[in-house]
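Take a look at the letters that make up each chain.
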Amino acid sequence: MEFFFLIVSSLVLACGVLCAFFVGGFGLVNFKNSRSVVLGVMGACVWLVFLACHVLALYLLWFLDDISFLWLIIPAVFHVAYFSTVGKNVSAR
């Protein structure tokens, strides 16, 4: 059962990384085009931390002895925070 949880959690995190990379990237480009350079750089830094959070959560999920849902909650909170601030406009125009 523990192995099944790890596989399902890894798939959820992988889908989160894909969403963060592609959809978040479109949102970041639109954010940078409509804001100042400083805010664009700050948005890019937040996006990189957002992506690194997923990789870190995946690593901790597999290599820590204590398995918890905490490593899935943290990226979910980052998704809500990022897409409500930086990644609002995700159109590909």
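Residues numbered from 1 in each chain as written. Predicted model: local features only at pLDDT ≥ 70, side-chain atom pairs only at ≥ 80, totals over all residues. Heavy atoms only, no water.

Participant: Would you take a moment to explain the nonpolar core for this structure?
Facilitator: For soluble globular proteins, nonpolar side chains are generally found buried alongside one another. Counting 9 residues, the largest nonpolar core consists of Ala20, Leu28, Phe31, Ala44, Trp47, Phe50, Leu51, Tyr82 and Val86. Breaking this core down by element, the ones donating at least two residues are helix H1 (2-34) and helix H2 (37-63). Tallying contributions element by element places H2 first for this core, with 4 residues. Core analysis: the second largest hydrophobic core is formed by 8 residues, Leu13, Leu61, Trp71 and Leu72 among them. (Core = buried A, V, L, I, M, F, W, Y, C linked by side-chain atoms within 4.5 Å. Buried < 20%, exposed > 50% of the residue type's maximum accessible area, 1.4 Å probe, protein only. Helix = DSSP H or I, 4+ residues; strand = E, 2+ residues; numbered from the N terminus.)

Participant: Please clarify how the side chain of histidine 54 should be interpreted in this entry.
Facilitator: One can find histidine 54 in helix H2. Polar side-chain contacts of histidine 54 include one of 3.0 Å to the side chain of histidine 79. Ignoring sequence-local partners within four residues, the contact set of histidine 54 consists of Leu13, Gly16, Val17, Ala20, Pro75 and His79. (Polar contact = N/O pair within 3.5 Å; in protein donor to acceptor, adjacent residues only side chain to side chain. Contact = heavy atoms within 4.5 Å.)

Participant: Honestly, a nonpolar patch on the surface in this entry has me stumped. Any pointers?
Facilitator: Together, Phe3, Ile7, Leu11, Leu56, Leu58, Tyr59, Trp62 and Phe63 make up an exposed nonpolar region whose accessible area comes to about 840 Å². At the level of secondary structure, the elements contributing two or more residues to the nonpolar patch comprise H1 and H2. Sort the elements by how many residues they give to the nonpolar patch and H2 lands first, with 5 residues. With respect to the helices and strands, phenylalanine 63 occurs in helix H2. (Patch = residues over 30% accessible without salt bridge, like charges linked within 9 Å, V, L, I, M, F, W, Y side chains within 5 Å. Areas by Shrake-Rupley, 256 points an atom, 1.4 Å probe, with all protein chains shown as cover. Salt bridge = Lys/Arg side-chain N within 4 Å of Asp/Glu carboxyl O.)

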